[in-house]
Amino acid sequence: MRTCCIALLSLIGLPLCLPRSATAEDSRLRLRGQLMSRFETAQQSDDDWASDFVLRRARVEARWEVEDLVRLVVELEASDGEAELRDAYGRLSFAPWLRLSAGHLKKPFSRLRLDALADLPIPERGLLDRHVVRRTRHGGYGARDIGAMISGRIKPLARLRYAVGAFAGPETLSGRNESHHDIVARLQFRPFKGARLAANSSHKRYDLGEDHRWAHLFGGDLRLSLIHI
């Protein structure tokens, strides 16, 4: 039986920062990219091993910001020979405690999904994220989708962070005549230094032809940082 093991996982970030615009000194444009590769070694037979580098995915992001007021983000990803639009949204920051985002963006559900792959020790989110949070038969609870979201942070209240959004899936999903509408919320606070505790909820109405159904998912996550440098 063929066995396979991963000898090395590597994440390579290639940032590129452009200077401030010559026409607007208070705005800036930034381009950056990431290449995510993996080195695999596989046992073909008792005495035969093969190894190779595999390019898992490549990403490029364009971000335009006007001070802390306006942010426009577009991100593309290429994997398995196909290109996919990841992020395409705008954000208005009225205050640190009130931000409005709209477009194609991540739903505020699951820290594992909200954290960028580049921030994870190993750039893999696992089976739970793949089959429950990101993909389901009626759209993911924590996947990207088209919608609008308000969010913010309130430092005096234990560094409270909140996000509430309404999202609508496409009329066709995975080749089926299907659509969904979601209300997703997340509340996070820091009970003490080095700890972040959060609760998530997702309420989804999805349509299968003329049949309307509901699906609900609740979750929580805790992050502890025991060593501060």
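Each chain has its residues counted from 1, running along the sequence as written. It should be noted that, the model being predicted, local features are given only for residues of pLDDT at least 70 and side-chain atom pairs only at 80 or more, the latter also being counted only at that level, while totals for whole chains, interfaces and linings use all residues. To obtain the side-chain values, all non-hydrogen atoms of the structure were included, while hydrogens and water were left out.

### Examining a nonpolar patch on the surface
Cut-off, in case you're wondering: Patch definition: residues above 30% relative accessible area lacking any salt bridge, with like charges linked at up to 9 Å and the nonpolar side chains Val, Leu, Ile, Met, Phe, Trp and Tyr linked at up to 5 Å. Here the open area of atoms and residues is found with the Shrake-Rupley method and a 1.4 Å probe, where only the protein chains shown may cover a residue. One side-chain nitrogen of Lys or Arg within 4 Å of one carboxyl oxygen of Asp or Glu is enough to make a salt bridge. For the purposes of this entry, the term helix denotes a DSSP run of H or I that reaches at least four residues, the term strand denotes a run of E that reaches at least two, and both are numbered from the N terminus.
A contiguous nonpolar patch, built from Phe189, Phe192, Leu197, Leu222, Leu224, Leu226 and Ile227 and spanning about 760 Å² of accessible area, is present on the exposed surface. If you trace the backbone, Phe192 turns up in the loop between β10 (176-189) and β11 (195-208).

### Here we look at the pattern of salt bridges
Put simply, the rule reads: Note on exposure labels: buried denotes an accessible area under 20% of the residue type's maximum, exposed denotes more than 50%, and partly exposed covers the range between, all computed with a 1.4 Å probe on protein chains only.
A full pass over the atoms with the stated rule returns 17 salt bridges. One salt bridge connects Arg28 with Glu65, and the closest N-O pair in it is separated by 3.0 Å. Within this pair, whereas Arg28 is found in strand β2 (residues 27-43), its partner Glu65 is found in strand β3 (residues 49-66), the two being separated by 37 residues in sequence. Residues Arg111 and Asp115 are paired through a salt bridge, measuring 3.9 Å at the closest nitrogen-oxygen approach. For the pair Arg111 and Asp115, a shared accessibility class is recorded, and that class is buried. Salt bridges sharing common partners tie together Arg57, Arg59, Glu77, Glu84 and Arg86.

### Re unusual backbone geometry
Phi is positive for Ala158, close to 50 degrees, though the residue is something other than glycine. Tracing the chain through its elements places Ala158 in the loop between β7 (144-154) and β8 (160-168). Its relative accessible area of 34% is what places Ala158 among the partly exposed residues.

### Concerning the packing of aromatic side chains
Convention followed: Here a pair means two rings of Phe, Tyr or Trp (six-membered ring of Trp) with centres within 6.5 Å. Their orientation is stacked below 30 degrees between planes, edge-to-face above 60, and tilted elsewhere. For a ring to carry a charge above it, either NZ of a lysine or CZ of an arginine must fall within 6 Å of the ring centroid while also lying within 35 degrees of the normal to the ring plane.
In this structure the tally under the stated criterion is one aromatic pair. Plain terms: the ring middles of Phe109 and Tyr141 are 6.5 Å apart, the flat faces sit at 35 degrees to each other, and that makes the pair tilted. Pair noted here: Phe109 is in the loop between β6 (98-106) and α1 (111-114) and Tyr141 is in the loop between α2 (127-134) and β7, with a separation of 32 residues, a long-range link. Residue classification places Phe109 among the buried positions, given a relative accessible area of 4%. The ring of Tyr141 has Lys204 sitting right over it, with the charged end atom 5.4 Å from the ring centre.

### A short note on the nonpolar core
The condition that has to hold: As used here, the term nonpolar core means buried Ala, Val, Leu, Ile, Met, Phe, Trp, Tyr and Cys residues forming a set that is joined through side-chain atoms within 4.5 Å. Throughout, a contact is declared for two residues whenever any of their heavy atoms are within 4.5 Å.
Val73, Tyr89, Leu105, Phe109, Val133, Tyr141, Met149, Ala163, Phe167, Val184, Tyr206 and Ala215 form the largest nonpolar core, which has twelve residues in total. Ignoring anything within four residues of it in the chain, the contact list for Met149 reads Arg99, Leu100, Ser101, Leu105, Lys106, Pro108, Ala163, Val164 and Gly165.

So yeah, pure geometry; function would need other evidence.
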